[in-house]
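Observations on chain architecture
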Amino acid sequence: MSAPGFLMSSLLITSCRTTPKVCNGYIRASSSRFTSNLLLAVLLAGGILANVSTIEPVLDEPPLVEKRPFEMVNHELYTTTALSLLTPLAPGHNWNGTGHSLNGTSNCKLIPGDSTWPRDGDWSALNETLGGRLISSVPLAAVCHNEPFNIYNETRCGEAREGWDRPETHFVEPVEFNAPVFQNATCDPFTSVDQGCELGNYVSYVVNLTTDTAADDIKAGLAFATQHNLRVVIKNTGHDYLGKSTGKGALSFWTHNLKNISIIEAYSSNDYNGPAVKIGAGVQGFDVLDSLKESGYLTLSGSCPTVGLAGGYTQGGGHSILTSKYGLSADNVLEWEVVTANGTLVTATPKENQDLYFALSGGGGGTFGVVVSMTTRLFEDRKIGGANNFTFAAASDKKEDVNAFWDAVGSLQNLTIPFVDAGNSLVYLIYAWPDRKVPALTTYSVTVPDCDTTECVDTAMKPFTDDLTARGVKYEYSAKVSETFLEHYNASFGPVPYGWYPVSQVTGGRLLPRAVVSDEEMGKNLTATMRMAIQEEGFSFGCVASSAKVGLREGVVSSVNPAWRNAMAFCLVVGKWDYSIDRAEMMKMQKALTEVVQPALDAATPGGGCYLNEANFEQEDWQEQFYGLENYKNLRNVKDTWDPTGVFYALTAVGSEDWELDGDGRVCKKQ
């Protein structure tokens, strides 16, 4: 096949990349305009604007308005095989240095270039089975490179570069994901136009799931992957710091367009009677916030409004600013609908397929099956207390002022324990920008659910403000009350729908045990460790203080990391990724996280653990730190029951220790 390697077919493929349109009440941003222009560039490059048909939209999800003919891409031309361009792995996931021949081996999943890789006719047949819903991977940044897709466009590339650090640039795309370590600079808008656009860690093909056909399409895709010995990946939004939603040579199931939302006024089961909502796997936080705003109800969602609620968010645990009031998202799930490794659609509840319900409710995404829907509890929407700001900083870079700041941080974290036990939460950032000399703490959200007056909020916050006053530390603070949860959320994390969070970062994290924070000596050691990470290594800490002891139902067991139950906060350790400097410098930051910061933080928090969705993919002892050892044993039993051959693989997911990547990036069963 000659470059650019397109083989035209009469089959149709749905792109489902969203053009500017109303979606659940919101207008798509500029990244969508870029997407549609990229699509046009691909079509013009292939001269294939004919035979475009339309799909009648499902009424309860955004219409799928873009179509393009199926393009068979020769992925052998676009796949990086050099070991130096492949990503490092978590401990226990080692490279097989011997590599494999192009013939592959029976214990390895195939990649493009292997002699038994599916032929063009095989992919075309699968596309026909799927009704034209197979997508052949073309990375978003292909418009930034001359070869091999030959669709370079300076204007479109500039738009991609401008929006690359925004979630909405990536989640509407079938193959894109956020994690820059795993993007690996093989095809991004920041490298030279003359550098080839390699697929690298990108998947090879995508099954675009839609509400009416999702279960059948997953079954067909799994059968194809099993027949041809292919790696399988599940991608929702690509809001993923650990590389789970991508994989070299993989066939991906893209759940983004499963947007159905249905309110159930009177759900009834043995363990819950009350209002609930059933959501498709592609529903994001902003979707459900908008859909519920006139209903008088609210449900739990992450502080980033673009996360997929039924995807990795809830399957990994799912914390929110309402955790102290209603529990983790995983603790509130009533039902899962999931297609398992053998292609069967099953319902998992606390009574039906109980082990699978347990595993999906906190045991991590991408490994037990392809979730198509989730039913979860609803709660009454009402006035909610908070604060416009709550901020303090070191008075100067003098040692005594910096010491006073960190003493105040330690005291604040100790005072947070009774605050969250009263049903409240605090989201705060500790940083020392830009020169690491003057540290500061600022809150993104103060949430006091049971307060409907500012006086009530002031009373809840009084221990913090009194302590700072006694220490002589200046602070800013003003109470507020919002009429609805959406108003409160939007003030904290908006503007909805996309919010303000950037997505490009090096990521670690830790659950902070109450016993550590409340102990004088251990508390000082913890703040000293945070000080080192922030002022010496240049990281910042984004913490969500809450209590995960609430929201539990009698007789219902979820698989969230037990360390959550004894924690007063989860802290995300963030190193900002800078695409403008050499990638090797950024990888030094990843190295510092893995070898210096994370081990020190782990040592300072005995009895703690990690939140598996927001963690360092190179975490030592990840089975214990992400899951808890006894919990992991139970999860492994579920994995062996429902996926005995390892159809689903994701880095640091349950069962992944049985596999390794060889020198070319194949996933291989350990011998």
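What counts and what doesn't
- Residue positions within a chain follow its written sequence, with the count starting from 1.
- Note on the predicted model: pLDDT of at least 70 is required for a residue's local features to be given, and 80 or more for side-chain atom pairs to be given and counted; whole-chain, interface and lining totals, by contrast, use all residues.
- With hydrogens and water excluded, all non-hydrogen atoms of the structure serve as input to the side-chain values.
- In short, DSSP must find at least two bridges between two strands for them to pair.
- Numbering of helices and strands starts at the N terminus; helices are DSSP runs of H or I of at least 4 residues and strands are runs of E of at least 2.
- Two rings belonging to Phe, Tyr or Trp (six-membered ring only in the last case) form a pair when the distance between their centres is within 6.5 Å. Interplanar angles under 30 degrees mark stacking, angles over 60 mark edge-to-face geometry, and anything in between is tilted.
- Relative accessibility thresholds used throughout: buried, under 20% of the residue-type maximum; exposed, over 50%; partly exposed, between the two (1.4 Å probe, protein chains only).
- For helices, the axis comes from a line fit to the C-alpha atoms of the stretch in contact; other axes are also lines fit to C-alpha atoms, and the angle between any two N-to-C directions lies between 0 and 180 degrees.
- Oblique is the label for any angle not under 35 degrees, not over 145, and not in the 65 to 115 range, which are roughly parallel, roughly antiparallel and roughly perpendicular in turn.
- Left-handed describes a crossing in which the near helix is turned anticlockwise from the far one by less than a right angle; the clockwise case is right-handed.
- Pairs of residues are marked as contacts when any of their non-hydrogen atoms sit within 4.5 Å.
- Count a disulfide wherever a pair of cysteine sulfur atoms falls within 2.5 Å.
- Pairs of N or O atoms are called polar contacts if they sit within 3.5 Å, as long as, within protein, a hydrogen donor faces a hydrogen acceptor (for residues adjacent in sequence, only side-chain-to-side-chain pairs).
- Only protein atoms enter the 1 Å grid used here, on which a cavity is any set of points holding a 1.4 Å probe that cannot leave and a pocket is any open set flanked by protein within 12 Å on both sides along at least five of seven lines; residues with an atom within 4 Å of a point are listed as lining.
- Grid points are joined across faces, edges and corners, and a volume is the space filled by probe spheres set on the points.
- Take a side-chain nitrogen of Lys or Arg and a carboxyl oxygen of Asp or Glu: if they are within 4 Å of each other, that pair is a salt bridge.

**Considerations on the pairing of strand E10 (residues 261-268)**
- Pairing between E10 and strand E11 (residues 273-280): six bridges, direction antiparallel. Residue pairing in the sheet places Ser262 in a bridge with Lys278 of E11.

**Describing the packing of aromatic side chains**
- Scanning the model with the defined rule gives 32 aromatic pairs in all.
- Ring geometry for Phe626 and Tyr627: centres 6.4 Å apart, planes at 55°, overall tilted.
- A relative accessible area of 1% means that Tyr627 is categorised as buried.

**A short note on the packing of helix H11 (residues 399-421) against helix H15 (residues 520-536)**
- Between H11 and H15, the shortest axis-to-axis distance is 10 Å and the interhelical angle comes to 125°. In this view, H11 runs oblique relative to H15, as classed from their interaxial angle. Our pair here, H11 against H15, has a crossing hand that is right-handed. In this structure, H11 contributes Val402, Asn403, Trp406, Val409, Gly410 and Gln413 to the contact, and H15 contributes Leu526, Thr527, Met530, Arg531, Ile534 and Gln535.

**Overview of the state of the cysteines**
- In total, this model carries five disulfides according to the counting rule given.
- Here Cys187 engages in a disulfide with Cys197; their sulfurs sit 2.1 Å apart. Judged by the sign of its S-S torsion, about -95°, the cystine formed by Cys187 and Cys197 is left-handed. Highlighted residues: Cys187 in the loop between helix H5 (180-183) and strand E7 (205-208) and Cys197 in the loop between H5 and E7, separated in sequence by ten residues.
- The partner cysteine of Cys451 in its disulfide is Cys456, sulfur to sulfur 1.9 Å. Every disulfide takes its handedness from the sign of the S-S torsion; for Cys451 and Cys456 that torsion is -60°, giving left-handed.
- By relative accessible area, which is 4% here, Cys451 ends up buried.
- By sequence order of its bonded cysteines, the protein has the disulfide arrangement 1-10, 2-3, 4-5, 6-7, 8-9.

**Structural notes on the side chain of Ser559**
- With respect to the helices and strands, Ser559 occurs in the loop between strand E22 (540-545) and strand E23 (567-576).
- Polar side-chain contacts of Ser559 include one of 2.9 Å to the backbone nitrogen of Gly363.
- Every residue in contact with Ser559, bar those within four places of it in the chain, is listed here: Phe358, Ala359, Ser361, Gly362, Gly363, Asn631 and Leu635.

**Description of the layout of surface pockets**
- Looking at the second largest pocket, its volume works out to about 290 Å³.
- Together, 17 residues line the second largest pocket, and Gly410, Glu520, Gly523, Lys524 and Thr527 are the ones closest to its centre.
- Mapped onto the lining of the second largest pocket, the elements with two or more residues apiece are H11, helix H14 (514-518) and H15.
- Here the element with the most residues in the lining of the second largest pocket is H15; it accounts for seven residues.

**Regarding the sheet that holds strand E17 (residues 384-393)**
- The strand order E20-E17-E19-E18-E22-E23-E21 describes an open sheet built from seven strands, whose pairing is antiparallel. The open sheet has two free edges, formed respectively by strand E20 (475-482) and strand E21 (505-513), since each of these has just one partner strand. If you compare each strand with its neighbour and ignore which way they point, the axes differ by 15° on average.
- The pairing of E22 with E23 spans six bridges and is antiparallel. Among the inter-strand pairings, Ala545 is bridged to a residue of E23, identified as Ala569.
- Along the sheet, helix H13 (residues 485-493) contacts E17, strand E18 (425-431), strand E19 (440-448) and E20; its crossing angle with E19, the most-contacted strand, is approximately 175°.
- Seen against the sheet, helix H16 (residues 583-604) touches E21, E22 and E23 and runs at an angle of roughly 5° to E21.

**A closer look at the environment of Lys669**
- Examined against the element boundaries, Lys669 turns out to sit in strand E25 (residues 667-669).
- Looking at Lys669, the relative accessible area reads 28%, which means it is partly exposed.
- Not counting the four nearest positions on each side in its chain, Lys669 is found in contact with Asn107, Asp658 and Trp659.

**Focus on unusual backbone geometry**
- Cis geometry is found at the peptide bond from Gly494 to Pro495, where omega equals 10°.
- Following the sequence through the fold, Pro495 ends up in the loop between H13 and E21.
- For the bond from Val496 to Pro497, the omega torsion is 20°, close enough to zero to count as cis.
- With respect to the helices and strands, Pro497 occurs in the loop between H13 and E21.
- Here Asn229, not a glycine, exhibits a phi torsion of approximately 60°, which is positive.
- Phi is positive for Asn353, close to 50°, though the residue is something other than glycine.

**Regarding the pattern of salt bridges**
- Applying the stated rule across the entire model yields 27 salt bridges.
- Glu168 serves as the salt-bridge partner of Arg166, at 3.2 Å between the closest nitrogen and oxygen.
- By relative accessible area, which is 9% here, Glu168 ends up buried.
- Here the salt bridges do not stand alone but share partners, grouping Asp114, Asp662, Asp664 and Arg666 into one network.

**Points about the packing of helix H2 (residues 120-129) against helix H6 (residues 214-228)**
- Where H2 meets H6, the closest approach of the two axes is 10 Å, and the angle between their N-to-C directions is 160°. The pairing of H2 with H6 is recorded here as roughly antiparallel in orientation. Taken as a pair, H2 and H6 cross one another with a handedness that is right-handed. Here Asp122, Trp123, Leu126 and Thr129 of H2 lie close against H6, whose contacting residues are Ala220, Phe224 and His228.

**A look at the sheet that holds strand E9 (residues 251-254)**
- One open sheet accounts for four strands, arranged E6-E7-E9-E8; its pairing is mixed. Edge positions in the sheet fall to strand E6 (134-136) and strand E8 (232-235), since each of these pairs with one other strand and no more. If you compare each strand with its neighbour and ignore which way they point, the axes differ by 25° on average.
- Note: E8 against E9, four bridges, orientation parallel. Along E9, the bridge assignment pairs Ile234 with Phe253.
- Sheet contacts for H6: E7, E8 and E9; angle to E9, the most-contacted strand, approximately 170°.

Read these as geometric descriptors, not functional statements.
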